[in-house]
Amino acid sequence: MQLKRLVAVAIIAICIYSCKGDDTAEQDYNKALAEAVEEEKIIEFGFDLKKHIVKRDTIKKGDTFGEILERNNIGYPQIFNIANKIKDTFDIRKIQPGKPYTLLYTKASAKDSLPKPQTFIYQPNQEEYVVINFKDSIKAYTSRKPITYVEKTATGVIESSISKTLEDNGLSQKLAYKMADDIYAWTIDFRRLQKGDRFKVIYTDKYIDDTIYAGVHNVKAAYFEHNGDSLYAFRFQTDSIKGIVDYFNEDAKNLRRAFLKAPVQFSRISSRYNLKRRIAHYGYRVKAHKGTDFAAANGTPIMATANGTVTKSGYGRGNGKFVKIRHNATYETQYLHMSRRKAKVGEFVKQGDIIGYVGNTGSSAGNHVCYRFWKNGKQVDPFKEKLPEAKPISDSLKIKYLDYIKPTRTRLDNIFFLEAEPLHTENTITQDPIL
């Protein structure tokens, strides 16, 4: 905004110089420039910060809403009144250590011996913020910072690994995760890529307030050459009510299976399904292990491996904190030893939704998730089962899909591979693309 205003001032100055003498023109230019700078607003959280004294800080461990305001000269009677008035809008007990907050003072209050803030702004995450205003009347509301989506394209040629290729080309590592876990998990083993394999991708980056990079939002389409195969992938929404999105190839075949291979990313299998396992702790007696353990750091998100309805979400002495999901009449899955549960009984979850976080609760010797799999009421090893493919696209939707991907495929085919330098193009999108 300020740059545009200064450019306008420069254009006005040119006109002034063409009509007046140098001295008069210079005076008028300086005056116009000063007015432009003075009029420029600094808008954040819906406030013009130039009209306020701004104090920024971070919630410390042990801080409460009341203590923060008291430290800033707000008395407890007023604090109690504020908390009581906003309780139906915002629960002040939810403020968390490490989250930023901002206090706004009017410039007039700075002259007081004990200046008092009139607005408290709390940021639970990068996008959202909570405004508690007690300048005149007391009110609270939640809002979001403006989001911009920028559509980009890129190519890469594998030399050693996809992560190294992305790093060399200045691209986000999240592209590798999305291609490996969301798109090609069942068609390409990314641990066994070959030198010379190459890819093209059309994806969308997300920015907060136009400047804060918030990562890769989604991948619209991709093309991967691997082992002599040409693998297309196009993102398409198959259920607008449940918000189900899948990736299909050029013939409308679903690229994924009904179940993810693992409930956590970037993990390793620390113990497999084994009905004859002997454990030293139990005197090397046979103690069947009817699950697959994935070791991961405490707090790592645990994902539902398939669409389904949560049937249990609770605690067991051996299982610790756990979630169980029924996917259909045949399959159920369970996720044990969580540090925290997120999914609730009766909730419908989609494949990839976060249902909890890795922990060490119950009978557990370390941070991991024990993944259990039922088929027709019997626990089985999912790695030895021939799991069904994801639900195919309907005949009526297939026509719509094939029509939808035509321009995207043409665009993808017209992206040329560059061996040394990455190819980038950008297209700003102001609203979240649905498909």
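Right above here is the structure, for reference.
Rules used throughout
Residues numbered from 1 in each chain as written. Predicted model: local features only at pLDDT ≥ 70, side-chain atom pairs only at ≥ 80, totals over all residues. Heavy atoms only, no water. Helix = DSSP H or I, 4+ residues; strand = E, 2+ residues; numbered from the N terminus. Buried < 20%, exposed > 50% of the residue type's maximum accessible area, 1.4 Å probe, protein only. Contact = heavy atoms within 4.5 Å. Salt bridge = Lys/Arg side-chain N within 4 Å of Asp/Glu carboxyl O. Pairing = 2+ DSSP bridges. Phe/Tyr/Trp six-rings, centres within 6.5 Å; stacked < 30°, edge-to-face > 60°. Core = buried A, V, L, I, M, F, W, Y, C linked by side-chain atoms within 4.5 Å. Axes fitted to C-alpha atoms, helices over the stretch in contact; angles between N-to-C directions. Patch = residues over 30% accessible without salt bridge, like charges linked within 9 Å, V, L, I, M, F, W, Y side chains within 5 Å. Areas by Shrake-Rupley, 256 points an atom, 1.4 Å probe, with all protein chains shown as cover. Lys, Arg positive; Asp, Glu negative; His and termini not counted. Charge placed at Lys NZ, Arg CZ, Asp CG, Glu CD. Polar contact = N/O pair within 3.5 Å; in protein donor to acceptor, adjacent residues only side chain to side chain. Arc of directions from axis to C-beta.

Asks: Please explain the overall build of the protein as it appears in this structure.
Replies: Secondary structure assignment for the protein yields seven helices and 25 strands. Counting only residues that meet the buried cut, the protein has 42% of its 435 residues in that class. If you take every contact in the protein between residues at least 6 apart in sequence, the share linking residues at least 24 apart comes to 62%.

Asks: Before we go on, may I ask you to explain the pattern of salt bridges in this structure?
Replies: If the charged atoms of two oppositely charged side chains come close together, the side chains can form a pair. Inspection of every chain in the model, using the stated rule, returns 22 salt bridges. Where lysine 220 meets glutamate 151, a salt bridge forms, and the shortest distance between an N and an O atom there is 3.8 Å. Of this pair, lysine 220 sits in strand S10 (residues 212-226) while glutamate 151 sits in strand S8 (residues 147-157), placing them 69 residues apart in sequence. With a shortest N-O distance of 2.5 Å, arginine 411 and glutamate 151 are connected by a salt bridge. Separated by 260 residues along the polypeptide, arginine 411 in helix H7 (residues 395-413) and glutamate 151 in strand S8 bring together distant segments of the chain. Classification of glutamate 151 by relative accessible area gives buried; the value is 8%.

Asks: Explain the pairing of strand S5 (residues 119-122) here, please?
Replies: Strand residues, when the strand is regular, have side chains that alternate between the two faces of the sheet. Residues of S5 alternate between two faces, with Thr119 and Ile121 on one and Phe120 and Tyr122 on the opposite face, all of them buried. Alignment of strand S4 (residues 100-106) against S5, held across four bridges, turns out to be antiparallel. Bridge pairing in S5 links leucine 104 to threonine 119. Note that S5 and strand S6 (residues 128-133) share four bridges and pair antiparallel. Bridging from a neighbouring strand, isoleucine 121 pairs with valine 131 of S6. Connecting S5 to the next strand, S6, in antiparallel fashion are five residues.

Asks: Is there a simple way to think about the packing of aromatic side chains in this case?
Replies: Describing an aromatic ring pair means giving the distance of the ring centres and the angle of the ring planes. Applying the stated criterion across every chain, the model contains 21 aromatic pairs. Here the aromatic rings of phenylalanine 259 and tyrosine 331 are separated by 5.3 Å at their centres, their planes lie at 70°, and the arrangement is edge-to-face. Residue phenylalanine 259 is found in the loop between strand S12 (244-248) and strand S13 (268-271), and its partner tyrosine 331 is found in strand S20 (residues 331-341); the two are separated by 72 residues along the sequence. Note on accessibility: phenylalanine 259 and tyrosine 331 belong to one class, buried.

Asks: Looking at this structure, how should I read the environment of isoleucine 42?
Replies: Mapped onto the elements of the fold, isoleucine 42 is located in the loop between helix H2 (22-39) and strand S1 (43-44). Among the residues examined, isoleucine 42 registers a relative accessible area of 48% and is labelled partly exposed. Not counting the four nearest positions on each side in its chain, isoleucine 42 is found in contact with Phe47, Asp48, Leu49 and Lys50.

Asks: Before we go on, may I ask you to explain the nonpolar core in this structure?
Replies: Side chains of a nonpolar character, in soluble globular proteins, are inclined to be buried together. Ranked by internal contacts, the top residues of the largest apolar core, which has 24 residues, are Phe259, Ile302, Val323, Ile325, Tyr335, Ile355 and Phe373. For this core, the elements supplying multiple residues, two or more each, are strand S19 (320-326), S20, strand S22 (354-358) and strand S23 (368-375). Core analysis: the next-biggest nonpolar cluster, separate from the first, contains 23 residues, Leu175, Phe190, Val216 and Leu255 among them.

Asks: Explain the environment of leucine 175 to me, please; I cannot follow it from the model alone.
Replies: The topology assignment puts leucine 175 in helix H6 (residues 174-183). For leucine 175, a relative accessible area of 0% corresponds to the buried category. Considered as a pair, leucine 175 and isoleucine 162 are 13 residues apart in the sequence and their alpha carbons are 9.3 Å apart. Setting aside chain neighbours within four positions, we find leucine 175 in contact with Leu166, Val201, Tyr203, Val216 and Val219.

Asks: Just to check I follow, could you spell out the sheet that holds S4 for this structure?
Replies: Ordered in space as S3-S4-S5-S6-S7, the five strands form an open sheet in which the pairing is antiparallel. Looking at strand neighbours, the two that pair on one side only are strand S3 (52-58) and strand S7 (139-144), the edges of this open sheet. Neighbouring strand axes in the sheet, compared pairwise and without regard to direction, differ in orientation by 20° on average.

Asks: Is there a simple way to explain a positive patch on the surface in this structure?
Replies: Side chains of Lys321, Arg340, Arg341 and Lys342 sit close together on the surface and give a patch of like positive charge. Topologically, lysine 342 is positioned in the loop between S20 and strand S21 (348-349). Accessibility expressed as a relative area gives 45% for lysine 342, which makes it partly exposed.

Asks: Is there a simple way to think about the side chain of threonine 333 in this case?
Replies: Residue placement: threonine 333 occurs in strand S20. Separated by 2.7 Å, the side chains of threonine 333 and histidine 327 make a polar contact.

Asks: What's the story with H6 in this structure? I'm lost.
Replies: One turn of an α-helix holds 3.6 residues; hence residues three or four places apart share an orientation. Where H6 is concerned, the buried positions are Leu175, Ala176, Lys178, Met179 and Ile183. Each buried residue of H6 sits inside an arc of 170° when the element is viewed along its axis, so together they form one side.

Asks: Explanation requested: the side chain of asparagine 72 in the structure shown.
Replies: Mapped onto the fold, asparagine 72 is located in the loop between helix H3 (65-71) and helix H4 (76-86). Residue asparagine 72 is classed as buried on the basis of its relative accessible area of 4%. Of the polar contacts made by the side chain of asparagine 72, one reaches the side chain of lysine 55; its length is 2.8 Å.

Asks: I tried to follow unusual backbone geometry on my own but got confused; where do I start?
Replies: Note: most residues except glycine have negative phi, and most peptide bonds are trans. Even without being a glycine, phenylalanine 45 presents a positive backbone phi close to 60°. As for its position among the elements, phenylalanine 45 is in the loop between S1 and strand S2 (47-48). A residue is classified by how much of its surface remains accessible, and phenylalanine 45, at 5% relative accessible area, is buried. One non-glycine residue, asparagine 376, adopts positive backbone phi at about 55°. Structurally, asparagine 376 is set in the loop between S23 and strand S24 (378-379).

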